[in-house]
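Descriptive structure summary
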Amino acid sequence: MIFGEMPLDDAVGAILAHSTHASGLKLKKGHMLTAADITGLRAAGVRHVIAARLESGDLEENAAAEQITKSLDVFNVRLGTATTGRVNCYAEKAGLFAVDADLVNAINAVDPAATIATLKPFERVELGQMVATIKIIPFAVPAQVIDRIAMLARGRVAIGVHAFTGARVGLAQTTLPSVKTSVLDKTRRVIEARIAGNHGELTAERRTTHSESALAEAIRDLHRSNDIVIAFGASAVVDAGDVVPAAIRQAGGVVHHVGMPVDPGNLLVLGELGGKPVIGAPGCARSPKENGFDWVLERLMANVPVTKEDVIGMGVGGLLMEITSRPQPRDPRPAASRADVAIAVLAAGQSTRMNGSNKLLATFAGMPLIRRSTLTAIEAGGRPVIAVLGHMAEQCSAALEGLNVVIALNKDYASGLASSLQTAIRHVPASADGVLMLLADMPALSSEHVETMIRRFSEAGGQSIVRATFDGKRGNPVLLPRQLFDEVFTLAGDVGARHLIERGDFPLIDVELGEAAAIDVDTPDMLNRAGGTIALPNP
């Protein structure tokens, strides 16, 4: 390929290297210059252009990118079409990303003009997520470069997605007098959420005394009807002969490894019974924060075998985030101060089930519901408080008169909740660590509830999702960290951020708020039961 500055007389058929605007003539980068273009450029006083001209044996960028894609073997991955020398690759199923790193490195070493970039091995992906991109950097490359890449790729699978299989999982927990029932209940909820996030199902739970024989019986029982068994001991495993590994052996299974070089997660037990995995879970797996247990469970639920050697190899990168409740924390630095959290009061909906009235203008003790909810956010210390308005925006704005609040108008409110979330994100200042999405129709929420969620967010380092729950079931509001903001713009229609929350990309902290997390007022009857009064619309 010839590249550089060339006179217009030599530029017909060349590829323009930079966008050019001259006397109303607009030519984009990558445009192949025609005789008419040359005439227009000359009339505009241009005498030279920077361009590229293909030589014999060169492949144009899109053709080169397409040939690379044809040479690659993939599974559960869709290869896109070439545009500006780029082909993006997308997951066809939810699961764990797989990549032949040696092959990708070898391809990238052939010539800097041809590149492949991928996600990390075993990274979680959702259906439709981009997992790799193939890019030809110049406008053309010698065909022999692409031929060498094809030879390297022959007979090898480059990338793929190990799909989650919908595994059935059984849970066994041992008990001691010192272990509260509430701890066991929380453990079940956390594990059930993890399994659901991996597209599986927790089918059964057994609680037994903390003894080898009792736990072995529970493991055998759960093994019959499940693909994976998880065993939680009431006390930590301190030896290969301790209760959990001993129970796996007594059940007729094999213990492959005790311990792992991941912290938190050191005390994991990797076992097997009748060809099915049995995991002795470390105590840290009772928390929703990421730990070594997640790395093993995700692979098993995507039908990726985990060996002793695999566990040993998890040490590099295995130092995970600090646990603030650890008696002897690994990081001696003081806990972070209160995070800056914006609070978005979502008040754009159309109240479609209210027989023509706007529920947010209903009064509670003489105060419009939208004002009541916004005051809750202000008292909780939202930095700032953003009121997202849409339906009857003028009346709702009037109800907020005098309050220190940012008004954000969602002109697309009729399309559903996703547009309101996106409107809120657009108004969150750069200084904020996260945003709490507060539905304006939840009259039982107090500023103390919201403050508790913000405090838990701060204690976790400002990088976790915090979700309100009622009796262990998901509720509202939800606090999203800044790292998740861009993902909100992938949503569409009348959907919230639920699938972003449950796919497991970020640690999830559930905060039990009681009934307040579940009470909204979608109908006149619900509003009346909650203590509200609404004026009927004019006939």
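Residues numbered from 1 in each chain as written. Predicted model: local features only at pLDDT ≥ 70, side-chain atom pairs only at ≥ 80, totals over all residues. Heavy atoms only, no water.

In terms of regular secondary structure, the protein is built from 16 helices and 30 strands. Split into buried and exposed, the 539 residues of the protein put 49% on the buried side. Considering only contacts in the protein between residues 6 or more positions apart, those separated by 24 or more positions represent 70%. For the protein, the accessible area works out to roughly 25000 Å², and carbon and sulfur atoms hold 51% of it. Within the protein, one finds 52 positive and 58 negative side-chain charges whose respective centroids are separated by 2 Å. (Helix = DSSP H or I, 4+ residues; strand = E, 2+ residues; numbered from the N terminus. Buried < 20%, exposed > 50% of the residue type's maximum accessible area, 1.4 Å probe, protein only. Contact = heavy atoms within 4.5 Å. Areas by Shrake-Rupley, 256 points an atom, 1.4 Å probe, with all protein chains shown as cover. Lys, Arg positive; Asp, Glu negative; His and termini not counted. Charge placed at Lys NZ, Arg CZ, Asp CG, Glu CD.)

Time to look at a nonpolar patch on the surface. A cluster of nonpolar side chains, namely Met1, Phe3, Ile50 and Leu54, defines an oily patch on the protein surface of about 320 Å² accessible area. Structurally, Leu54 can be placed in the loop between strand E5 (48-53) and strand E6 (58-60). Residue class for Leu54 comes out partly exposed when judged on its relative accessible area of 34%. (Patch = residues over 30% accessible without salt bridge, like charges linked within 9 Å, V, L, I, M, F, W, Y side chains within 5 Å. Salt bridge = Lys/Arg side-chain N within 4 Å of Asp/Glu carboxyl O.)

Take the nonpolar core next. Grouped together as the largest cluster of nonpolar side chains are 43 residues, with contacts concentrated most on Ile343, Ile370 and Leu436. Not counting residues up to four positions away in its chain, the partners in contact with Ile343 are Ala377, Ala380, Gly382, Pro384, Val385, Ile386, Leu436, Leu438, Val450 and Ile454. In this structure, Val77, Ala82, Cys89 and Ile107 belong to the second largest nonpolar core, which totals 32 residues. (Core = buried A, V, L, I, M, F, W, Y, C linked by side-chain atoms within 4.5 Å.)

We now examine the packing of helix H3 (residues 101-110) against helix H4 (residues 143-153). Where H3 meets H4, the axes come as close as 9 Å, and the angle between the chain directions of the two elements is 165 degrees. When the axis of H3 is compared with that of H4, the two are roughly antiparallel. Judged by the twist between their axes, the crossing of H3 over H4 is right-handed. Along the contact surface, H3 presents Leu103, Ala106, Ile107 and Val110, while H4 presents Val145, Arg148, Ile149, Leu152 and Ala153. In the contact of H3 with H4, the residues fall into eight nonpolar, no polar and one charged. (Axes fitted to C-alpha atoms, helices over the stretch in contact; angles between N-to-C directions. Parallel < 35°, antiparallel > 145°, perpendicular 65-115°, else oblique. Left-handed = near helix turned anticlockwise from the far one by under 90°. Nonpolar A, V, L, I, M, F, W, Y, C, P; charged D, E, K, R; others polar.)

Right, let's get into the pairing of strand E29 (residues 473-481). For strand E27 (residues 434-439) and E29, the ladder comprises four bridges, and the chain directions are antiparallel. Pairing of Met437 across the sheet is with Val478, part of E29. As paired strands, strand E28 (residues 465-470) and E29 are joined by four bridges and run antiparallel to one another. The residue bridging Val466 from the neighbouring strand is Leu479, located in E29. (Pairing = 2+ DSSP bridges.)

This part takes up helix H10 (residues 369-379). All of the buried residues along H10 are Leu369, Ile370, Ser373, Thr374, Thr376 and Ala377. The arc that holds the buried residues of H10, viewed along the axis, is 150 degrees, so those residues lie on one side. Looking one or two residues beyond H10, the residue adopting positive phi is Gly381, at roughly 90 degrees. (Arc of directions from axis to C-beta.)

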